[in-house]
Amino acid sequence: MSAKLLEGGSIADAIKAEVKETIAQMPQEQRPQLVAVMVGDNPGARAYAKMQRKSCDEVGIVYELKEFDESISEADLIAAVDELNEDGAVDGIILQMPVPEHINARTVQAAIASVKDVDGVNPANLGAVVMGQVEGAPCTAQAVVRLVQETGIDLYGTEVVVVGHSEIVGKPVALLLLDKFATTTVCHIGTSDAGLLEQHTTGADILIVAVGVPGLIKGSMIKSGATVIDVGINRVKDEEGKRKIVGDVEFDSAVEVAGTITPVPGGVGPVTTAMLLKSTLYACQSHR
Ligand code: NAP
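What counts as what
- Residues numbered from 1 in each chain as written.
- Predicted model: local features only at pLDDT ≥ 70, side-chain atom pairs only at ≥ 80, totals over all residues.
- Heavy atoms only, no water.
- Helix = DSSP H or I, 4+ residues; strand = E, 2+ residues; numbered from the N terminus.
- Rg over C-alpha atoms; globule rule 2.2 N^0.38 Å.
- Buried < 20%, exposed > 50% of the residue type's maximum accessible area, 1.4 Å probe, protein only.
- Contact = heavy atoms within 4.5 Å.
- Areas by Shrake-Rupley, 256 points an atom, 1.4 Å probe, with all protein chains shown as cover.
- Lys, Arg positive; Asp, Glu negative; His and termini not counted.
- Charge placed at Lys NZ, Arg CZ, Asp CG, Glu CD.
- Axes fitted to C-alpha atoms, helices over the stretch in contact; angles between N-to-C directions.
- Parallel < 35°, antiparallel > 145°, perpendicular 65-115°, else oblique.
- Nonpolar A, V, L, I, M, F, W, Y, C, P; charged D, E, K, R; others polar.
- Core = buried A, V, L, I, M, F, W, Y, C linked by side-chain atoms within 4.5 Å.
- Domains from an automatic or database assignment.
- Pairing = 2+ DSSP bridges.
- Patch = residues over 30% accessible without salt bridge, like charges linked within 9 Å, V, L, I, M, F, W, Y side chains within 5 Å.
- Salt bridge = Lys/Arg side-chain N within 4 Å of Asp/Glu carboxyl O.
- Disulfide = S-S within 2.5 Å.
- Left-handed = near helix turned anticlockwise from the far one by under 90°.

1. Section: the overall build of the protein
Link 1 in the chain: Along the backbone of the protein there are 11 helices and 11 strands.
Link 2 in the chain: Expected size for 288 residues packed as a compact globule is a radius of gyration near 19 Å; at 19 Å, the protein falls within 12% of this value.
Link 3 in the chain: For the protein, buried positions account for 47% of its 288 residues.
Link 4 in the chain: Restricting to contacts in the protein with at least 6 residues of sequence separation, those with at least 24 account for 70%.
Link 5 in the chain: For the protein, the computed accessible surface area is about 13,500 Å², with 52% contributed by carbon and sulfur atoms.
Link 6 in the chain: Positive and negative side-chain charges of the protein, numbering 23 and 39 respectively, have mean locations separated by a distance of 4 Å.

What follows is the structure in structure tokens.
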């Protein structure tokens with residue numbers, strides 16, 4: 001058996017088209033504005049910012065990258081975030097990761113006004129997820145929910161297993177799917193260390209993996225016909241030493257067992273980017 005590929009590209013295009021159409025109907029001066037805050041000059045953060053700008057340009061969101069010197073203190077960075085919070089023209093604020101070691105990303109993210117927190121990382125927005133609010137949720141969690149919905153599976157009573165319990169992916173995904181009456185199990189390092197991971201994953205109708213360990217989930221750990229959403233993004237070298245990106249699921253063995261599977265790259269990633277645009281539009285509509 002070879003699983004059906006659940007690709008993110010066309011789903012992302014559909015989300016972007018909706019966002020673009022809504023923005024096209026807004027007066028020019030009211031177009032949503034997203035500000036990315038970057039500290040220092042990390043190549044990964046810069047590449048991500050470039051991609052964000054391109055996506056924003058595509059749909060008509062005004063994008064600004066605010067760069068700060070690597071030596072900025074946490075207090076000064078928070079003061080800069082406060083200024084953006086007060087700026088009525090700014091709808092969304094994101095902190096580009098990584099930040100230098102002397103800055104606590106969580107503290108800075110918590111300083112972003114919840115209405116402008118388009119990454120969904122502010123404690124208030126994560127709290128709203130507990131109440132079932134999807135719109136303010138972290139973009140990756142929203143992307144996973146959208147991908148699951150695209151399969152057309154009725155989530156009521158479905159066995160869902162989420163591997164990974166991070167604040168930005170595993171926990172919000174589990175809560176959002178729980179809210180749709182899936183029976184949701186969350187696995188983590190403790191599950192693996194207890195030797196129980198496979199026992200849980202093989203029972204999943206929908207398996208969501210967000211860990212950051214290349215190939216952690218093998219085909220033998222997947223229920224036949226299951227839907228597999230691979231959130232992982234891992235940079236590894238192939239046999240010839242060439243760099244490539246792989247997920248947390250061992251694709252070649254998983255594709256033989258699963259019913260539907262997201263590729264890496266090209267699965268969750270593009271939908272997450274599109275969700276950032278959707279969240280920026282939502283923030284603009286909410287706070288103006
Ligand atoms: P994270 O904060 O490092 O969380 C990883 C989670 O996996 C933690 O809950 C950790 O448990 C758990 N874990 C670690 N090793 C494990 C193991 N052997 N067995 C079971 N659980 C294990 O990472 P994240 O931010 O959630 O991201 C996870 C992956 O998704 C990364 O590869 C990241 O690059 C990727 N990602 C992709 C997107 C996208 O748009 N596609 C967006 C965000 C993240 P403990 O904390 O208890 O150790």
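Let us keep going from here.
2. Description of the packing of helix α1 (residues 8-24) against helix α2 (residues 43-59)
Helix-helix packing is described using two parameters, namely the angle between the two axes and the distance between the axes.
Link 1 in the chain: Between α1 and α2, whose axes approach to 8 Å, the crossing angle comes to 55°. Here α1 is positioned oblique relative to α2, judged by the angle of their axes. In contact with Lys 16, Val 19, Lys 20 and Ile 23 of α1, α2 contributes Ser 55, Glu 58 and Val 59.
Link 2 in the chain: Split by residue class, the contact of α1 with α2 holds 3 nonpolar, 1 polar and 3 charged.

3. With respect to the nonpolar core
Link 1 in the chain: Residues Leu 34, Val 144, Val 160, Val 173, Leu 177, Ile 208 and Ile 229 are the most contacted members of the largest nonpolar core, which totals 51 residues.
Link 2 in the chain: Two domains each put at least three residues into this core: domain 1 (27-113) and domain 2 (137-268).
Link 3 in the chain: With sequence-adjacent residues up to four places away left out, Leu 34 is seen in contact with Cys 56, Ile 61, Val 62, Tyr 63, Glu 64, Gly 92, Ile 93, Ile 94, Val 118, Leu 276 and Thr 280.
Link 4 in the chain: Within the second largest apolar cluster, 18 residues are counted, among which are Ala 3, Val 163, Val 249 and Ala 258.

4. Focus: the sheet that holds strand β11 (residues 260-261)
Link 1 in the chain: Spatial strand order, β1-β11-β8-β7-β5-β6: 6 strands in an open sheet with parallel pairing. Either end of the sheet is taken by a strand with one partner, and the two such strands are β1 (4-5) and β6 (183-187).

5. A closer look at a negative patch on the surface
Link 1 in the chain: A surface patch of negative charge is lined by Asp 82, Glu 83, Glu 86 and Asp 87.
Link 2 in the chain: If you trace the backbone, Asp 82 turns up in helix α3 (residues 74-86).
Link 3 in the chain: What makes Asp 82 partly exposed here is its relative accessible area of 37%.

6. Some remarks on unusual backbone geometry
Negative phi is the rule for most residues except glycine; trans is the rule for most peptide bonds.
Link 1 in the chain: In this structure, Pro 98 follows Met 97 across a cis peptide bond, with omega equal to 0°.
Link 2 in the chain: Mapped onto the elements, Pro 98 comes out in the loop between β4 (92-95) and α4 (105-111).
Link 3 in the chain: Note that the residue after Val 264, namely Pro 265, is joined by a cis bond; omega there is 0°.
Link 4 in the chain: Note that Pro 265 resides in the loop between β11 and α11 (268-287).

7. Looking at the state of the cysteines
Link 1 in the chain: This structure, assessed with the given rule, holds 0 disulfides.
Link 2 in the chain: Free cysteine: Cys 139, not disulfide-bonded; nearest cysteine sulfur from Cys 56 at 11 Å.
Link 3 in the chain: Taking relative accessible area as the criterion, Cys 139 reaches 4% and is therefore assigned buried.
Link 4 in the chain: Note on Cys 284: no disulfide assigned, nearest cysteine sulfur contributed by Cys 56 at a separation of 12 Å.
Link 5 in the chain: Note on Cys 284: relative accessible area 2%, which makes it buried.

8. Quick word on the packing of α2 against α11
Link 1 in the chain: Contact geometry of α2 with α11 gives a least axis separation of 10 Å together with a crossing angle of 55°. The angle between α2 and α11 falls in the class oblique. Between α2 and α11 the crossing geometry is right-handed. Facing Met 51, Gln 52, Ser 55, Cys 56 and Val 59 of α2, the residues of α11 in contact are Thr 273, Leu 276 and Leu 277.
Link 2 in the chain: Tallied by class, the residues present in the contact of α2 with α11 amount to 5 nonpolar, 3 polar and no charged.

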